[in-house]
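Observations on the model geometry
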Amino acid sequence: MDTRTQEFLEYVQSGGQVETGDWMPDEYRARLIKFIEMHGNSELMGVLPERDWILRAPTLQRKLALTAKIQDEVGHAQLIYRVVEDLGKPRSACLDDLVSGKGKFHNVFHYPTKTWGDVGVIAWLVDAAAIVSQKALLKCSYAPYARIMKKICWEESFHILHGRDVILALVTGTDEQFELVQEALDRWWEPLMHFHGNPIPADEDPMVTWRIKSQANEEARQQFLEGYVPQILELGLTIPDPALRKDEESGTWLYTEPDWEKLRAVVTGHGPASEERLAFRRLSREDVAWVEQAVLAEAA
Amino acid sequence: MIYEVFRQERKGQPFQHAGSVTAPDGAFAEIYAREQYGRRQESVALWLVPREAVSEIDEFPDEFELKYRRVDGYSIKARLHEARERAGTLDMAPGAASE
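Residues numbered from 1 in each chain as written. Chains lettered and ligands numbered in written order. Predicted model: local features only at pLDDT ≥ 70, side-chain atom pairs only at ≥ 80, totals over all residues.

1. Details of the overall build of chain B
What counts is decided by this rule: Secondary structure elements are taken from DSSP: a helix is a run of H or I of four residues or more, a strand is a run of E of two residues or more, and numbering for both begins at the N terminus. What the globule rule says is 2.2 Å times the number of residues to the power 0.38, and the radius of gyration is computed from C-alpha atoms. Exposed residues have 12 or fewer other C-beta atoms within 10 Å of their own C-beta, buried residues have 20 or more, and residues in between are partly exposed; the C-beta atoms are placed from the backbone. Placing a C-beta atom from the backbone of each residue, one calls two residues in contact when those atoms lie within 7 Å.
The number of helices and strands found in chain B is two helices and three strands. Secondary structure elements in chain B, listed N-terminal to C-terminal, are β-β-α-β-α. Relative to its length of 99 residues, chain B is extended, with a C-alpha radius of gyration of 26 Å against a globular reference of 13 Å. The dimensions of chain B, computed from C-alpha atoms along their principal axes, are 75 × 40 × 15 Å. Burial analysis of chain B (99 residues in total) assigns 13% to the buried set. Across chain B, the fraction of contacts at a sequence separation of at least 24, relative to all contacts at a separation of at least 6, is 44%.

Written as structure tokens, this is what we have:
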């Protein structure tokens with residue numbers, strides 16, 4: 001490693017932050033682009049499972065709230081792709097890579113939504129898992145990303161409440177409604193345990209070394225379990241992992257080791273809904289191409 | 001074109017840099033900024049500035065160490081002690097034991 005890179009590394013490791021125009025090592029830039037682009041892709045792909053439910057949401061209030069949440073998530077994608085653009089990769093290139101299957105997005109958006117219970121579990125628990133990661137990104141060494149994360153976290157807190165409200169309405173309803181939530185939780189527990197990634201130790205994780213991420217994967221998962229397992233159990237729901245328990249001595253949550261090979265397969269486009277979602281994204285990209293042309297012609 | 005967006009959260013507060021939008025012209029930039037930084041009533045005002053209109057200064061050399069212009073340029077403790085001694089007012093100094 002050359003001196004300049006070494007100095008840069010020491011700077012970020014001592015809490016220093018980097019701005020768009022500052023010099024940065026190529027590896028740092030490449031890792032930022034890959035990570036932030038995946039975040040943008042996830043925001044954009046994450047609205048597709050929810051979009052399916054706007055027309056099927058049970059009340060007008062729910063339809064409106066769901067629409068607002070979707071609007072927020074697409075807005076997050078806009079903010080995030082803008083950060084990627086300043087790092088050197090244009091938004092159109094991100095979208096090209098996304099629809100060609102080269103770009104990645106979060107594992108949870110590769111799964112289908114079977115019932116309204118799934119929508120509640122996604123809005124509550126998937127967003128809760130996401131906010132654990134996003135709050136840690138408020139300390140990202142790349143300042144422009146950390147700054148927009150403030151706005152994103154602020155909006156996510158409304159999403160979690162919306163999700164929790166959907167779940168509470170169902171678990172206080174009929175037995176059939178309660179069962180919808182239990183079944184959805186059974187389906188979503190594995191993807192939720194996959195969400196924060198394999199437990200690579202912080203000192204071996206290059207994302208932590210560069211201070212792009214401020215916490216290890218396992219730390220994020222523990223934080224999620226600590227915050228949400230009690231909230232799930234108090235509703236009388238059963239978490240589909242008999243091994244899940246808190247070791248009171250060490251204060252850590254123990255659980256059945258998730259299948260990490262399966263996670264790898266899902267995020268490389270082999271999830272149960274990967275194909276369908278990408279096909280839809282491709283279709284909508286073609287459908288709205290005329291808007292971009294019209295806007296650019298109007299401005300010219 | 002890239003427009004830098006500054007937002008004011010409440011009247012009387014400073015405008016703070018929020019992020020940027022890409023837009024083909026100023027009219028579109030206004031629409032995008034309104035949508036991305038104001039649609040949830042999180043701002044009372046936005047400023048849009050084309051990126052190339054921003055001139056940045058980020059070096060402030062202090063070759064002569066002009067410390068006399070800053071508070072850390074003054075160390076008055078020893079001299080104050082001497083002055084109080086001379087005036088016989090050491091017991092009036094803040095923190096001096098009073099009987």
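2. Thoughts on the packing of helix H3 (residues 60-87) of chain A against helix H6 (residues 143-171) of chain A
All names here are of chain A. Note the cut-off: Convention adopted: a line fitted to C-alpha atoms gives each axis, helices being fitted over their contacting stretch, and angles between N-to-C directions are expressed from 0 to 180 degrees. Here roughly perpendicular refers to angles of 65 to 115 degrees, roughly parallel to angles under 35, roughly antiparallel to angles over 145, and oblique to all remaining angles. Each crossing gets its handedness from the near helix: less than a right angle anticlockwise from the far helix is left-handed, clockwise is right-handed. Under this grouping Gly is polar, as are all residues other than the nonpolar Ala, Val, Leu, Ile, Met, Phe, Trp, Tyr, Cys and Pro and the charged Asp, Glu, Lys and Arg.
Close contact between H3 and H6 brings their axes to 10 Å; oriented N to C, the two are set at 165°. In terms of axis orientation, H3 runs roughly antiparallel to H6. Seen along the crossing, H3 lies across H6 with a hand that is left-handed. Across from Ala65, Lys69, Asp72, His76, Leu79, Ile80, Val83 and Asp86 in H3, the residues of H6 making contact are Pro144, Tyr145, Ile148, Ile152, Glu155, His159 and His162. Residue classes in the contact of H3 with H6 are distributed as eight nonpolar, three polar and four charged.

3. Focus: the environment of Pro25 of chain A
Residue and element names in this part refer to chain A. Along the polypeptide, Pro25 turns up in the loop between helix H1 (3-13) and helix H2 (26-51). Placed 17 residues apart in sequence, Pro25 and Phe8 show a C-alpha to C-alpha distance of 7.8 Å. Excluding its chain neighbours within four sequence positions, the residues that come into contact with Pro25 are Thr5 and Phe8.

4. As for the pairing of strand E1 (residues 2-8) of chain B
Residues and elements named next belong to chain B. As a reminder, the rule being used: In short, DSSP must find at least two bridges between two strands for them to pair.
Covered by surrounding structure in E1 are Tyr3, Val5 and Arg7 only, the residues Ile2, Glu4, Phe6 and Gln8 on the alternate face being uncovered. Where E1 and strand E2 (residues 16-22) come together, six bridges link them in antiparallel fashion. Each bridged residue has a counterpart across the sheet, and for Phe6 the counterpart in E2 is His17. Judged from the six bridges that link them, E1 and strand E3 (residues 45-50) form a sheet pairing that is antiparallel. Bridging from a neighbouring strand, Phe6 pairs with Trp47 of E3.

5. Re the sheet that holds E3 of chain B
Residue and element names in this part refer to chain B. With respect to topology, three strands assemble into an open sheet ordered E2-E1-E3, the strand pairing being antiparallel. On the outer flanks of this sheet lie E2 and E3, each paired with one strand and no other. Taken over all neighbouring pairs, the strand axes of this sheet differ in orientation by 30° on average, direction set aside.

6. So, the interface of chain A and chain B
Taken together, the contact pairs 11 residues of chain A with nine residues of chain B. Going through the elements one at a time, H3, H6 and helix H12 (289-299) of chain A are the ones with two or more residues in the side of chain A that touches chain B. Among the elements that line the side of chain A that touches chain B, the one with the most residues is H3 of chain A, at five residues. The class makeup of the residues in the side of chain A that touches chain B is five nonpolar, two polar and four charged.

7. Remarks on unusual backbone geometry
Its identity is not glycine, yet Arg211 of chain A carries a phi of approximately 60°, on the positive side. Inspection of the secondary structure puts Arg211 of chain A in the loop between helix H8 (206-209) and helix H9 (217-233). Since 21 C-beta atoms lie within 10 Å of it, Arg211 of chain A is described here as buried. Phi is positive for Gln41 of chain B, close to 60°, though the residue is something other than glycine.

8. Some details on the nonpolar core
Most often, soluble globular proteins keep nonpolar side chains buried together rather than apart. All names here are of chain A. Rule in force here: Buried Ala, Val, Leu, Ile, Met, Phe, Trp, Tyr and Cys residues form a nonpolar core when they are connected through C-beta atoms within 7 Å.
Residues Ile80, Leu125, Ala129, Tyr145 and Leu192 are the most contacted members of the largest nonpolar core, which totals 61 residues. At the level of elements, H2, H3, helix H4 (91-100), helix H5 (116-137), H6, helix H7 (175-194) and H9 are the ones that each hand at least two residues to this core. Among the elements that line this core, the one with the most residues is H5, at 13 residues.

9. Re H5 of chain A
All names here are of chain A. Applicable threshold: In this scheme, a helix's expected span is set at 1.5 Å multiplied by one less than its residue total. Each residue is assigned a bend, namely the angle between axes fitted to the seven residues that terminate at it and the seven residues that start at it.
For H5, built from 22 residues, the straight-helix expectation of 32 Å at 1.5 Å per residue is met to within 8% by its first-to-last C-alpha distance of 31 Å. By the largest-angle criterion, Ile122 marks the main kink of H5, which is about 35°. With 18 of its 22 residues buried, H5 lies for the most part within the structure.

10. Let's talk about the confidence of the model for chain B
Definition in use: How sure the predictor is of each residue is captured by pLDDT, a score from 0 to 100.
For chain B, the average pLDDT comes to 89, and 97% of its residues sit at 70 or higher. Taken over the whole predicted complex, pTM reads 0.89, whereas the ipTM for its chain interfaces reads 0.81.

11. Re H7 of chain A
Residue and element names in this part refer to chain A. Relative to the 28 Å expected for 20 residues at 1.5 Å per residue, H7 spans 29 Å between its end C-alpha atoms, a close match to the ideal helical length. The axis of H7 is deflected most strongly, by about 40°, at Trp188, and proline Pro191 appears within four residues downstream. Within H7, burial applies to Leu180, Val181, Ala184, Leu185, Trp188, Trp189, Pro191, Leu192, Met193 and His194. Where H7 is buried, its residues meet H5, H6 and helix H10 (260-270).

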